[in-house]
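Now for the letters of each chain:
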Amino acid sequence: LSPLMLDFHAARESLPDAPLPAHAAYPGGRSRVISHIDSARTSHAKRFGAPAVGMWPAEGAVSEEFVELLASAGCHWIASGEGVLQGSLAASGISDPRAAYHPWRLEKAPGLTMFFRDERLSDLIGFDYSKWDGGAAAHDLVRHLEAILDGAAEDEVPVVSIILDGENAWDHYPYNGYYFFEALYELLATHPRIRTTTYARLLAQATPPTPSVLPRLQAGSWVYGTMSTWIGDVAKNRGWDLLCEAKQHCDRVLANGRLDADQVAAVEAQLAICESSDWFWWFGDYNPSGAVSSFDSLFRRNLARLYRLLQLEPPSQLEIPICAGSATAEGGSMVRVTAAPN
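Report on the accompanying structure. Since we're looking at a predicted model, the values are computed, not measured.

### Remarks on the overall build of the protein chain
Within the protein chain one finds twelve helices and five strands. Over its C-alpha trace the protein chain gives a radius of gyration of 22 Å, about what one expects of a compact globule, namely 20 Å for 342 residues. Overall, the protein chain is about 65 × 45 × 45 Å in size when its C-alpha atoms are taken along their principal axes. The buried share among the 342 residues of the protein chain stands at 47%. About 16,400 Å² of surface is accessible on the protein chain, with carbon and sulfur atoms providing 54% of the total.

### Digging into the packing of helix 6 (residues 134-150) against helix 7 (residues 178-189)
In contact at an axis separation of 7 Å, helix 6 and helix 7 are set at 40° when each is read in the N-to-C sense. The angle between helix 6 and helix 7 falls in the class oblique. The chirality of how helix 6 crosses helix 7 is right-handed. Taken together, the residues of helix 7 that come into contact with helix 6 (itself represented by G134, G135, A137, A138, H139, L141, V142 and L145) are Y179, F180, A183, L184, L187 and L188.

### Observations concerning the pattern of salt bridges
Under the defined criterion, the tally for this structure stands at twelve salt bridges. Beyond isolated ion pairs, a larger network of salt bridges with shared partners links R117, E119 and D123.

Reading the values: the criteria
- Residues numbered from 1 in each chain as written.
- Predicted model: local features only at pLDDT ≥ 70, side-chain atom pairs only at ≥ 80, totals over all residues.
- Heavy atoms only, no water.
- Helix = DSSP H or I, 4+ residues; strand = E, 2+ residues; numbered from the N terminus.
- Rg over C-alpha atoms; globule rule 2.2 N^0.38 Å.
- Buried < 20%, exposed > 50% of the residue type's maximum accessible area, 1.4 Å probe, protein only.
- Areas by Shrake-Rupley, 256 points an atom, 1.4 Å probe, with all protein chains shown as cover.
- Axes fitted to C-alpha atoms, helices over the stretch in contact; angles between N-to-C directions.
- Parallel < 35°, antiparallel > 145°, perpendicular 65-115°, else oblique.
- Left-handed = near helix turned anticlockwise from the far one by under 90°.
- Contact = heavy atoms within 4.5 Å.
- Salt bridge = Lys/Arg side-chain N within 4 Å of Asp/Glu carboxyl O.

This is the structure we're talking about:
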């Protein structure tokens, strides 16, 4: 997860007492984050014919240093969670319940505009509307959007960001959300005041909205506005320490030049797999034991494969499970965030 790969202490910006891994930092984290950004932009260009102009980072996790790197890489916009914005404003003594309805920028990241997810509306779609009649749910969403419009200042054009995990919500809806979508699209297509758009189109307008200056960006994600999903408990921190140790061995082997180009490419690809955010997401006793066991085993097997690609014997500690999970926990991949009121 990029903000933590850059600095474990980013976790303490929102949770000052968060326990951290034994390792002081992820070895070579900055170069690895730059590599991930470049890889993502290259992949997008290969598939869509041009580099991405913006990005929703993994789980909307951001920090000032990460945002600066994204701006330097040519990203024109990023999005994160409303909790991150409200936490950032609170740290500067600012209270603004409508802060998420317009874009923001950092002085340190010129050319990059930040948008923040409306937690309430996004979570209604992700968690509640699947239990409603599709048409009623669509009308309720539009009603909320109209209320945001009605509460706007005379010269304000609210920008409402609705962002949710693409894979999580729809199989909970009857017919994968067909009736909800049919009703919602019809309402939006004919609505006299609401317009749907993308961030790229919004910023490409002749007169795009002017971002407000954010005094500081507090590191966090859409999950609780913190980094607690990936760091800060015994299991998550142990996962980081195992990864740090593997990365140290990786750096030493690559530095001595004994691997050929194909072997180096295989190592770098495997390292990228081991650096994925979902491993740490699933560690923790609040997650169901079956899922935790699977992700735990896969993480340790992937680390072991990295050692073997380095032509090293995997350490015996990789045979020891990191976390057991809970026999009573349900739905660990779905996290609901309490939203700020509109």
